[in-house]
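# Structure assessment
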Amino acid sequence: MYSEAAVIAAGSSFSVALELKHPAEWHSYYKNSGGVELPPSIEWDLPPGFRASPIQWPVPEVKEGYAGKSFIYSGSPVFLVDLRAPEDLEPGSEVTISAKASWQICKESCINEDADFSLSLPVGVETRMDEGRVEFFKAAREALPLEVSDLEVKAVSEGGDIVLRIEGGGAAVAAAEPEELEFIPNEPYVRSLSAEGTAVREDGAWVLTLKRNTVDFFTEEPIPQGETVSGILIAGEPVVVPETEIIIPAAQAAEVGVADPTAAAGFSMVSYLPILGGMFLGGLILNLMPCVFPIIGIKIMGFVQQAGHDRKKIVLHGVIFAAGVIISFWLLALALYLGGITNWGNQLQDPRVTLVTILIMLLLGMNLFGVFEIGTSATGVGGTLMQKQGIAGTFFSGVLATLIATPCSGPFLGVAIGAAAVLPVVPFFIAFTSMAVGLALPYLVLSIFPSLVERLPRPGGWMISFKQGMSFLLFATAGVFLWIYGAQVFDRNDGQKGLWVMIGLSTVATAAWVYGRWNEPVRSRGVRLTGCVAAAVLLLTGVLMAWPWTVGETTAEQSAPKLEWVQWSSEEEARLLAEGRPVFIDFTAKWCLTCQLNKSRAYTAPVVELMKAKGIVAMRADKTNPNPAIEARLKELGRTAIPVNVLLVPGREMVITPELLSADYLLDLFAKVQPVVTAAR
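This text gives an overview of the structure that appears in the document. (Residues numbered from 1 in each chain as written. Predicted model: local features only at pLDDT ≥ 70, side-chain atom pairs only at ≥ 80, totals over all residues. Heavy atoms only, no water.)

A separate point is the environment of Val 501. With respect to the helices and strands, the residue Val 501 is situated in helix 15 (residues 496–518). When its relative accessible area of 0% is taken as the criterion, Val 501 is described as buried. For the pair Val 501 and Ala 546, spaced 45 residues apart in the sequence, the C-alpha separation amounts to 4.0 Å. In this view, Val 501 contacts Leu 482, Tyr 485, Val 489, Phe 490, Met 545 and Ala 546; residues no more than four positions away in its chain are not counted. (Helix = DSSP H or I, 4+ residues; strand = E, 2+ residues; numbered from the N terminus. Buried < 20%, exposed > 50% of the residue type's maximum accessible area, 1.4 Å probe, protein only. Contact = heavy atoms within 4.5 Å.)

Quick look at a nonpolar patch on the surface now. Residues Ile 327, Trp 330, Leu 331, Leu 334 and Leu 338 make up a contiguous nonpolar surface patch of about 510 Å² in total accessible area. Position of Trp 330 relative to the elements: it lies in helix 6 (residues 311–338). Judged by relative accessible area, which is 41%, Trp 330 ranks as partly exposed. (Patch = residues over 30% accessible without salt bridge, like charges linked within 9 Å, V, L, I, M, F, W, Y side chains within 5 Å. Areas by Shrake-Rupley, 256 points an atom, 1.4 Å probe, with all protein chains shown as cover. Salt bridge = Lys/Arg side-chain N within 4 Å of Asp/Glu carboxyl O.)

Attention now moves to the state of the cysteines. Tallied over the entire structure, the rule returns 1 disulfide. Each sulfur of the disulfide joining Cys 106 and Cys 110 lies 2.0 Å from the other. Since a negative S-S torsion denotes a left-handed disulfide, the Cys 106-Cys 110 link at about 110° is right-handed. In this structure Cys 106 comes out as buried when scored by relative accessible area, which is 1%. Taking the relative accessible area as the measure of exposure, Cys 110 reaches 7% and is therefore buried. (Disulfide = S-S within 2.5 Å.)

This paragraph deals with the nonpolar core. Ile 8, Phe 14, Ile 42 and Phe 50 are the most contacted members of the largest nonpolar core, which has 33 residues in total. Of all the elements in the fold, those that place two or more residues in this core are strand 3 (13–19), strand 8 (68–73), strand 9 (78–84), strand 10 (94–106) and strand 11 (110–122). Counting residues per element, this core draws most heavily on strand 10, which supplies 6 residues. If sequence neighbours within four positions are ignored, Ile 8 has contacts with Phe 14, Phe 50, Leu 89, Val 95, Leu 121, Pro 122, Val 123, Gly 124 and Thr 127. Listed in part, the 24 residues of the second largest apolar core include Ala 155, Val 173, Tyr 189 and Val 239. (Core = buried A, V, L, I, M, F, W, Y, C linked by side-chain atoms within 4.5 Å.)

Structure follows, in structure tokens:
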């Protein structure tokens, strides 16, 4: 660490510099590393009254890493910090400035390093710079991005991306070509421009579209989304982009994980209107389903016959029919509301609810595709009501239209429920009313203009194609919920649960096919009964296989024993060795990719069983975050970079394994360990 000033004065400001000299091919990181790596940090121990500014970060390089773009420093980067002395310093005295710096350098693996620094500076009447450091500090400042006063920045969230509009910045910025541009973000939830972003020149300004980072590459946990963006724009020369608030439209707030500032009590009219429009459109499309479309013209002509061609009575029948549809949807909405469907998002935290949702979407999709039929019995049940004359018959025809449309409504009703589930009670019912109006509107319009019935397209094969096409929306929905279910249960039993879930869902699909194939009306009663029984058995078997049973109730747990890791400490290590227990220590971190590779391939069931048979205690020393005790132990072992795996057996020489582990290597290594015999208690 160096001081720019050889002598300081009371109230003066001066700079100090931390220079990191990396070994060849090693690098450190910018304040936003682009991943989980650690940037340099400084802890100051300053005399009373001194103040230190934040670190001034030189422009980093953009490097392609395992998890995407990384922002690094190679060679010997210099980090400047401005210090300000208090007004009460006495000339002729001396002050000591101390600091502890820590940083991480990486190549194929990473090493955490730290050092203590101390500067003793004399106090004079005026500040005098160190002439031998002038060029050094000049070069350090030239490595910093420029702060430009005329730069105007606006940030807007569009479709989940962040769009930066940048005006000004000088001639170099204006003259740059799009392929020369780069944006290095300061925030971990923003990707660099070169990470699938785009840049265009528009009305004299640069418009950058930046992708968001939403999921941590290593932990697969969501990355919290902030409300500002800042960084460095490289356009001919690097320019500081100051912290800028991201304007987030209300309709997108939920998508990016930021609260909607215009919402009150969880409700926003801006985001509500698309829900109403979508549900209305879904109701309209229901009329094109094969179980609904053929009855439209029949019902309208029935209205005409019942009303004796009296236009007012025909319209009245249309209104009554629409009332039957709307009231039926109100009853459906009431049942959903009383059943707690408005807490649907919270219910999905329960994997059982998620699985049931998957099964419903899967079976409804197969129904739409024609693998089997449901809903035909509803038409038979309501046949008498459809033939009933008068206002009552028209009303119940509307009820029946809703009843027979519901089994066909999977792609729209499922989406509608999902969108309306978080709404307060009044908007919730209005949303379902919108869908009912969509379903009833063709009947109402045709009752006003009966002559339009002749212009309706004829039922035909196109309707079957339309119905089957809609099934893929349901399959896609099932896929989304399967992704959620995977996060909840797939990793149980070392991942074997995921295999059973997939086999179970395939068995459920087979049950649906058996039911549709052998339950056709042309089949004999015995064949149909056999088909129903077989389908029921397959359905139950598939559900049981995919069900989120607790881990202890599965045979996979017995066939794939799990290695139980003990948290490492020097005291626990010494205690186990004193008891005569062999110890295997894994020095690891989440940011160590080789460590993750070892975990995925080395600790197989035979290895775990052998370790248990030999009494080997598995200890994990996780240095994802700085841990001085782990660093000290690694230095004792003569190692700095991880992964490091060590086998310690009392009375035998220590074994440090190769960096890359395999199951065969560990089996050979552990086979030489004598099993531990413990006294009975």
